[in-house]
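Given next are the chains, with one letter for each unit.
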Amino acid sequence: MSAVAIIPARGGSKGVPGKNVARVGGVPLIGRAIRAALAAPSITAAYVSTDDAEIARVAREHGAIVIDRPAELASDTATSEDALLHAIGEIEKAAGLPDAVAFLQATSPFIDSPALERAAARVLGGDDDVVFSAFETYAFLWRRGDTGAEGVNHDHSFRPRRQDREPHFQETGAFYVMRTQGFLERRFRFFGRVGIEEVPESSAVEIDTPAELAFARALAPAAHEGAAEIDVDALVMDFDGVHTDDHVTVDQDGVESVRVSRSDGMGIGRLRQAGVPMLILSKEQNPVVAARARKLGVEVQHGVDAKAPALTAWCEAQGLDPARVAYVGNDINDIECLDLVGWPVVVPEARPEVRDHARITLTAPGGSGALRELAEAILRGPRWSAQA
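Summary of the structure given here. (Residues numbered from 1 in each chain as written. Predicted model: local features only at pLDDT ≥ 70, side-chain atom pairs only at ≥ 80, totals over all residues. Heavy atoms only, no water.)

Examining the pairing of strand β9 (residues 148-151)
Move 1: Pairing between strand β8 (residues 142-145) and β9: 4 bridges, direction antiparallel. Bridge pairing in β9 places Arg143 opposite Glu150. (Pairing = 2+ DSSP bridges. Helix = DSSP H or I, 4+ residues; strand = E, 2+ residues; numbered from the N terminus.)

Right, dumping it as structure tokens:
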């Protein structure tokens, strides 16, 4: 039995321009959906149906197979079902017809992969024909009537306690898993025996407006505070505010000095012993940066105004895929670098607009344990755990 994920993602969003590649938690929305799909063991492949070249590029970077969607299926009047039916036809020609299809929406940034796996297992096991994500709610619903507001799921003349009310389930829109043959016959996402896969209400955020995008970005760091493990091949670090606490002491002769952490130095030393490629990349042209790099035994480039091109060139010279690199920063001149890598990391004191671009927000302060925390997370990852 086989299941694949299909993620329709057309270009030309009017409410939020470039919505499907907008970043939440440092990862483009389409990338988040692909990762969520591929994290479910029953999903053997993720397909992205799109008419947009940038969405296609980002989708491939995150491991999806791209299906070119015809223009007539990418209009404002085309339905998701239209895109799914076209995609299934293309998948059947290339790889055969899957037993089940998981329809994921990239506008849901917090898709619950374990719940998706349970839903797929229910369809593949024959328990249900369709399973969709929803959360339990006891909300009182109302509608406007001719004589004023009326209760929808309750008698508004009587106010029962929560424990005496029947729970309902609100559809999140995040995923729908369907038996493929039944969907082809009915050409609509609900048919046969329909099941609910309950998910946390916190995962039900949908992005259709700039305010909802801002809310999701604010929620993402709280959902991923700290890091148990980080699977990367290399680490690139800003200096001020990361290796230091972003303060500097200046004596009467104008000589600057900074405060660093021995704990951070131990963490960097452990990474060096494991063989992790590292680079300190700093805008500051200050001898203290080079001195600290020498002390740590880490390559350094300082006095660099255009940090993103320097990061790209370093990755190319090292033969590294930026998607497998962590970059840790704290201020607005780090944003371009954070957007270049697969693991954008910030210290907790980072500017709010910088945190919006981070996949991981560390818990220890810059210059006081942040790099030790990050080093330990990298060494727990599958790439370096054997060498740690």
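Regarding unusual backbone geometry
Move 1: In this structure, Arg187 is a non-glycine residue whose phi angle is positive, near 60°.
Move 2: What makes Arg187 exposed here is its relative accessible area of 53%.
Move 3: One non-glycine residue, Asp246, adopts positive backbone phi at about 75°. (Buried < 20%, exposed > 50% of the residue type's maximum accessible area, 1.4 Å probe, protein only.)

With respect to the sheet that holds strand β5 (residues 65-68)
Move 1: The 7 strands lie next to each other as β5-β4-β1-β6-β10-β7-β11, forming an open sheet whose pairing is mixed. Only two strands of the sheet have a single partner each, and these edge strands are β5 and β11 (194-198). Averaged over all neighbouring strand pairs, the angle between strand axes comes to 30°, with direction disregarded.
Move 2: Examined bridge by bridge, strand β1 (residues 3-8) and strand β6 (residues 100-104) share 4 bridges and lie parallel to one another. Paired with Ala5 across the two strands is Ala102, which belongs to β6.
Move 3: Of the strands in this sheet, β4 (43-50) and β5 are in contact with helix α2 (residues 53-61), which crosses β4 at around 165°.
Move 4: Of the strands in this sheet, β1, β6, β7 (130-137), β10 (168-179) and β11 touch helix α4 (residues 113-124), which is tilted by about 55° from β10. (Axes fitted to C-alpha atoms, helices over the stretch in contact; angles between N-to-C directions. Contact = heavy atoms within 4.5 Å.)

Some points on the nonpolar core
Move 1: Among the nonpolar cores identified, the biggest contains 35 residues, and Ile7, Ile30, Ile34, Val48, Leu104, Phe175 and Val177 are the most heavily contacted of them.
Move 2: Broken down by secondary-structure element, the contributors of at least two residues to this core are β1, α1 (29-38), β4, α2, β6, α4 and β10.
Move 3: Top contributing element to this core by residue count: α4, with 6 residues.
Move 4: Contact partners of Val177, with chain neighbours within four places excluded, come to Ala100, Val101, Ala102, Leu116, Ala119, Ala120, Val123, Asp129, Val130 and Val131.
Move 5: The next biggest cluster of nonpolar side chains, apart from the first, holds 31 residues, and it includes Val276, Met278, Ala293 and Trp384. (Core = buried A, V, L, I, M, F, W, Y, C linked by side-chain atoms within 4.5 Å.)

Overview of the environment of Trp142
Move 1: You can see Trp142 is positioned in strand β8.
Move 2: Distance from Trp142 to Asn153, taken between C-alpha atoms, is 7.7 Å for residues 11 residues apart in sequence.
Move 3: What Trp142 contacts, discounting residues up to four positions off in sequence, is Ala149, Glu150, Gly151, Val152, His154, His156 and Arg159.

A look at helix α12 (residues 370-380)
Move 1: In terms of residue burial, α12 counts as a mostly covered element, since 9 of its 11 residues are buried.
Move 2: For α12, every residue scored as buried is listed here: Ala370, Leu371, Glu373, Leu374, Ala375, Glu376, Ala377, Ile378 and Leu379.
Move 3: Lining the buried residues of α12 we find β12 (234-237), α7 (262-274), β17 (325-329) and β18 (343-346).

A closer look at helix α3 (residues 80-95)
Move 1: Over its 16 residues, α3 runs 22 Å from end to end, which matches the ideal 22 Å to within 8%, given 1.5 Å per residue.
Move 2: All of the buried residues along α3 are Glu81, Ala83, Leu84, Leu85, His86, Ala87, Ile88 and Ile91.
Move 3: Packing partners of the buried residues in α3 comprise β1, β4, β5, β6, β10 and α5 (180-186).
Move 4: In the stretch just after α3, Gly96 is the one whose phi turns positive, near 90°. (Expected span 1.5 Å × (residues − 1).)

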